[in-house]
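Close look at the chain arrangement
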Amino acid sequence: PGSCPDLCKCSEPAKTVKCVNRNLTAVPPDLPPYVRNLFLTGNRLARLPPGAFPAQRLPDLSALNLSGNHLRAVEAGAFSLPALRQLDLSGNPLLSLSPQAFGEGGSPLEELALRGALRDHGVLLSLSTMLQSGALRNLSRLDLADNGLLLLPSGMFTALPALQQLDLSNNSLVGLGNVSFQGLGQLQSLNLSDNSLGVLRNGTLAQFRGLPALRHISLGHNAWVCDCAIEDLVAWLKESNQVEGKEALTCAYPDKMLGKALLKINSLDLNCSMPIDLPSQLQTSYVFLGIVLALIGAIFLLVLYLNRKGIKKWMHNIRDACRDHMEGYHYRYEINADPRLTNLSSNSDV
């Protein structure tokens, strides 16, 4: 006890152990019990099994940095540490993350960094399950940047009442319609910059207004679509003090609005004097089409009624013509069917 593992550097006064860029394939089993800050970065730790960091031997471990390894699997109970407050798993190509990675009970974890570690969609779903279970209710900082995320699982943040900082920057988010920020009463900072957001709907804006502690929202470098749907976002930007650098937000589409500042957009630029309600328009079109078809049918029936005598005479003429034609076929059939009549017909000069 108290010794320093091979390939590591230890400082007992600072309660710190650093095993950096040592090509380690497993967690050193002889970590000193005094360690509070452990750096295991730039190694080759493929998986973290249950009890990878024994709670009995590491009762004071509070900050754990595992970034830049080759971690692919984090199994249940890998982080069952009673004092763990900070965990960094950034830069690992995770393929499996157990929702019970922090044990069966709640964890005291306050800061979790997963920057560039959620490229696999299954890992994102596992993280969502873990967060929604309430296992990380003490979490105050969550970093999910640089993961190429398109959409977030519904209700992912609903069980994080202590969350203060949420970083979703440098992803590919196209919308926040299924994301709920309700219940994040302590949220102070939300970073949504460098995504693919085209518009923020009224429901999302209403949630932002309802978060009393939210003072810093970053929306820079998104693909804002400046059509009629962006009016609510523009109105919110003009009245809100939550957005940092809102003067620099510009349109990306359509081409005629490219580069125009969102704060300088007005209704004349968008030409939205007539609200577009596509379902109502379709319903009106169907009703009009039904009326036209009914009118055409009524006119057709009226024409038939007015010309009923002529139509009846025409039908009789057709019937008589068909009858004469069929009698001719019948006569020819009788001649061809009787050999005597056939010979008589062939030998006759008439």
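All figures in this text were calculated on a predicted structure; none of them were measured in a lab. (Residues numbered from 1 in each chain as written. Predicted model: local features only at pLDDT ≥ 70, side-chain atom pairs only at ≥ 80, totals over all residues. Heavy atoms only, no water.)

Turning next to the overall build of the protein chain. Helices and strands together make up the secondary structure of the protein chain, namely seven helices and 16 strands. Across the 350 residues that make up the protein chain, the buried fraction comes to 38%. Sequence-distant contacts, at least 24 apart, represent 59% of the contacts inside the protein chain between residues at least 6 apart. Carbon together with sulfur atoms contributes 56% to the accessible area of the protein chain, which is approximately 19700 Å² in total. (Helix = DSSP H or I, 4+ residues; strand = E, 2+ residues; numbered from the N terminus. Buried < 20%, exposed > 50% of the residue type's maximum accessible area, 1.4 Å probe, protein only. Contact = heavy atoms within 4.5 Å. Areas by Shrake-Rupley, 256 points an atom, 1.4 Å probe, with all protein chains shown as cover.)

Strands sit in the order 4-6-8 across an open sheet of three strands; the sheet is parallel. Every other strand in the sheet has two partners, leaving strand 4 (47–48) and strand 8 (96–97) as the edge strands with one partner each. Note that strand 6 (residues 73–74) and strand 8 share two bridges and pair parallel. Each bridged residue has a counterpart across the sheet, and for Val-74 the counterpart in strand 8 is Leu-97. (Pairing = 2+ DSSP bridges.)

Attention shifts here to helix 3 (residues 231–239). Within helix 3 the residues assigned to the buried category are Leu-233, Val-234, Trp-236 and Leu-237. Down the axis of helix 3, the buried side of the element spans an arc of 165°, and every buried residue falls inside it. Among the structural elements, helix 2 (202–209), strand 13 (216–218), strand 14 (224–225) and strand 15 (243–244) are those in contact with the buried residues of helix 3. (Arc of directions from axis to C-beta.)

As a further point, take empty space enclosed by the protein. A complete count under the given rule lists one cavity of 30 Å³ or more for this structure. Each pocket or cavity is described by its volume, and for the largest cavity that value is around 40 Å³. What lines the largest cavity is Phe-79, Leu-87, Leu-89, Leu-97, Ala-101, Phe-102, Leu-112, Leu-114, Leu-127 and Met-130. When grouped by side-chain class, the residues that make up the lining of the largest cavity number 10 nonpolar, no polar and no charged. (1 Å grid on protein atoms, 1.4 Å probe; cavity = no way out; pocket = protein on both sides within 12 Å on 5 of 7 lines; lining within 4 Å. Points joined across faces, edges and corners; volume = space filled by probe spheres on them. Nonpolar A, V, L, I, M, F, W, Y, C, P; charged D, E, K, R; others polar.)

On to the side chain of Asn-195. With respect to the element layout, Asn-195 can be found in the loop between strand 12 (189–191) and helix 2. In contact with Asn-195, not counting residues within four places along its chain, are Leu-168, Ser-169, Asn-170, Asn-171, Ser-172, Leu-173, His-221, Asn-222 and Ala-223.

Spatially, 11 strands are ordered 1-2-3-5-7-9-10-11-12-13-15 in an open sheet, and the strand pairing comes out mixed. With partners counted over all chains shown, the strands left at the sheet margins are strand 1 (9–11) and strand 15, one partner each. Relative to strand 7 (residues 86–88), strand 5 (residues 63–65) is paired through three bridges, and the arrangement is parallel. Looking at the pairing, Asn-65 lines up with Asp-88 of strand 7.

The next point concerns the pattern of salt bridges. Where charged atoms from two side chains of opposite charge come close, those side chains can pair. This structure, assessed with the given rule, holds seven salt bridges. Among the ionic pairs, Glu-239 bridges to Arg-209, the shortest N-O distance being 3.1 Å. Here Glu-239 is found in helix 3, whereas its partner Arg-209 is found in helix 2, with 30 residues between them in sequence. We classify Glu-239 as exposed; its relative accessible area is 52%. For Arg-209, a relative accessible area of 43% puts it in the partly exposed group. One connected set of salt bridges, linked through shared partners, spans Arg-115, Arg-141, Asp-143, Asp-146 and Asp-167. (Salt bridge = Lys/Arg side-chain N within 4 Å of Asp/Glu carboxyl O.)

Right, let's get into the side chain of Ser-193. Its location among the elements puts Ser-193 in the loop between strand 12 and helix 2. On the basis of relative accessibility, which here comes to 12%, the residue Ser-193 falls in the buried class. If we skip the residues at most four places from it in the chain, Ser-193 touches Ser-169, Asn-170, Ser-218, Leu-219, Gly-220 and Asn-222.

Our next topic: the packing of aromatic side chains. Per the counting criterion, the structure on display carries five aromatic pairs. Taking the centre distance of 5.5 Å and the plane angle of 50° together, the rings of Phe-181 and Phe-208 count as tilted. With Phe-181 in the loop between strand 11 (165–167) and strand 12 and Phe-208 in helix 2, the pair connects residues that are 27 residues apart, well separated along the chain. Both residues of the pair, Phe-181 and Phe-208, belong to the buried class. Among the aromatic residues, ring-to-ring pairing joins Phe-157, Phe-181, Phe-208 and Trp-236 into one connected group. When the ring centre of Phe-39 is taken as origin, the NZ or CZ atom of Lys-18, which lies over that ring, is 5.6 Å away. (Phe/Tyr/Trp six-rings, centres within 6.5 Å; stacked < 30°, edge-to-face > 60°. Lys NZ or Arg CZ within 6 Å of the ring centre and 35° of its normal.)

As a further point, take the nonpolar core. Formed by 83 residues in total, the largest nonpolar core has its most connected members in Phe-53, Leu-66 and Phe-79. Counting only elements with at least two residues in this core, the list comes to helix 1 (121–132), helix 2 and helix 3. The leading source of residues in this core is helix 1, at five residues. Setting aside chain neighbours within four positions, we find Phe-53 in contact with Val-27, Leu-38, Leu-40, Leu-48, Leu-58, Leu-61, Leu-64, Leu-66, Ala-78, Phe-79 and Leu-81. (Core = buried A, V, L, I, M, F, W, Y, C linked by side-chain atoms within 4.5 Å.)

Within this structure's numbering, the places UniProt gives as "transmembrane region" (unreviewed entry) are residues 286–306. Taken end to end, residues 286–306 is 100% helix and 0% strand, and its two terminal C-alpha atoms sit 31 Å from one another. (UniProt positions renumbered as here; feature names shortened; annotations may be inferred.)

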